[in-house]
Amino acid sequence: MSQVDDVLAALADPMRRRILDLVAAKGAASASALAAELPVSRQAIVKHLAVLEKAELVASERAGRENNFSVRSVALDATASWMASLASQWDQRLAAIKKIAES
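Residues numbered from 1 in each chain as written. Predicted model: local features only at pLDDT ≥ 70, side-chain atom pairs only at ≥ 80, totals over all residues. Heavy atoms only, no water.

(A) Representation of unusual backbone geometry. Phi at Glu56 takes a positive value of approximately 65°, unusual for a residue other than glycine. Along the chain, Glu56 turns up in the loop between helix 4 (42-54) and strand 2 (58-63). Residue Glu56 is classed as partly exposed on the basis of its relative accessible area of 35%. (Helix = DSSP H or I, 4+ residues; strand = E, 2+ residues; numbered from the N terminus. Buried < 20%, exposed > 50% of the residue type's maximum accessible area, 1.4 Å probe, protein only.)

In structure tokens:
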């Protein structure tokens, strides 16, 4: 599975998107801090964070007894670049169809 596939699979879940948004807003957060703000258990948060970490969307750093998670932008940037390229290809195809239709 490619990095883009991993990112899209990870972001397919609405709760993981909420978790990623919260981590981004906070700069860094522990699973306990995230669980305090979300309607799911700490264990569920940990599982979602593991998926996000596997997709390289977050990184963890040990802080005492807890891990703090922060957003990693490299995988998001690669996915955004792929999506922009795909959109550009579609724009070119649609422009070609329009040109044919208008002639």
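(B) Quick look at the packing of helix 2 (residues 14-26) against helix 4. Contact pair helix 2 / helix 4: the axes reach a minimum separation of 10 Å and the direction vectors enclose 85°. In this view, helix 2 runs roughly perpendicular relative to helix 4, as classed from their interaxial angle. Residue-level inspection shows Met15, Arg16, Ile19 and Leu20 of helix 2 in contact with helix 4, the latter providing Ile45, His48, Leu49, Val51 and Leu52. Here the residues of the contact of helix 2 with helix 4 sort into 7 nonpolar, 1 polar and 1 charged. (Axes fitted to C-alpha atoms, helices over the stretch in contact; angles between N-to-C directions. Parallel < 35°, antiparallel > 145°, perpendicular 65-115°, else oblique. Contact = heavy atoms within 4.5 Å. Nonpolar A, V, L, I, M, F, W, Y, C, P; charged D, E, K, R; others polar.)

(C) A nonpolar patch on the surface, seen in detail. On the surface, a cluster of nonpolar side chains totalling about 690 Å² of accessible area is made up of Leu8, Trp82, Met83, Leu86, Trp90, Leu94 and Ile97. Take the nonpolar patch: its biggest share by element is 6 residues, from helix 5 (residues 74-102). (Patch = residues over 30% accessible without salt bridge, like charges linked within 9 Å, V, L, I, M, F, W, Y side chains within 5 Å. Areas by Shrake-Rupley, 256 points an atom, 1.4 Å probe, with all protein chains shown as cover. Salt bridge = Lys/Arg side-chain N within 4 Å of Asp/Glu carboxyl O.)

(D) Up close: helix 2. Over its 13 residues, helix 2 extends 18 Å from the first C-alpha to the last, a length consistent with the 18 Å expected when each residue adds 1.5 Å. Within the sequence span of helix 2, burial applies to Met15, Arg16, Ile19, Leu20, Leu22 and Val23. The arc that holds every buried residue of helix 2, seen down its axis, measures 160°, which confines them to one face. Facing away from the buried surface of helix 2 by more than 90 degrees, the exposed residues are Asp21 and Ala25. For helix 2, the capping residue at the N-terminal end is Asp13, with a side-chain oxygen 2.8 Å from the backbone nitrogen of Met15. (Expected span 1.5 Å × (residues − 1). Arc of directions from axis to C-beta. Polar contact = N/O pair within 3.5 Å; in protein donor to acceptor, adjacent residues only side chain to side chain.)

(E) Molecular detail of the pairing of strand 3 (residues 66-71). Bridge analysis of strand 1 (residues 29-30) against strand 3 gives 2 bridges, and the strand direction is antiparallel. Bridge pairing in strand 3 links Ser30 to Asn68. Across 6 bridges, strand 2 lies against strand 3 in antiparallel orientation. Looking across to strand 3, one finds that Arg62 is bridged to Asn67. Between strand 2 and strand 3, which pair antiparallel and follow one another directly, the connecting turn spans 2 residues, one of which, Gly64, has a positive phi of 70°. (Pairing = 2+ DSSP bridges.)

(F) Representation of the nonpolar core in the model. Residues Ile19, Leu34, Leu38, Ile45, Leu49, Leu52 and Leu57 are the most contacted members of the largest nonpolar core, which totals 21 residues. Mapped onto this core, the elements with two or more residues apiece are helix 1 (3-11), helix 2, helix 3 (31-37) and helix 4. Here this core gets 5 residues from one element, more than from any other, and that element is helix 2. Once residues lying within four places of it in the same chain are set aside, the contact partners of Ile45 are Ile19, Ala31, Leu34, Ala35, Leu38 and Val40. (Core = buried A, V, L, I, M, F, W, Y, C linked by side-chain atoms within 4.5 Å.)

(G) Inspection of the sheet that holds strand 1 at higher detail. Spatially, 3 strands are ordered 1-3-2 in an open sheet, and the strand pairing comes out antiparallel. Single-partner strands in this sheet number two, and they are strand 1 and strand 2.

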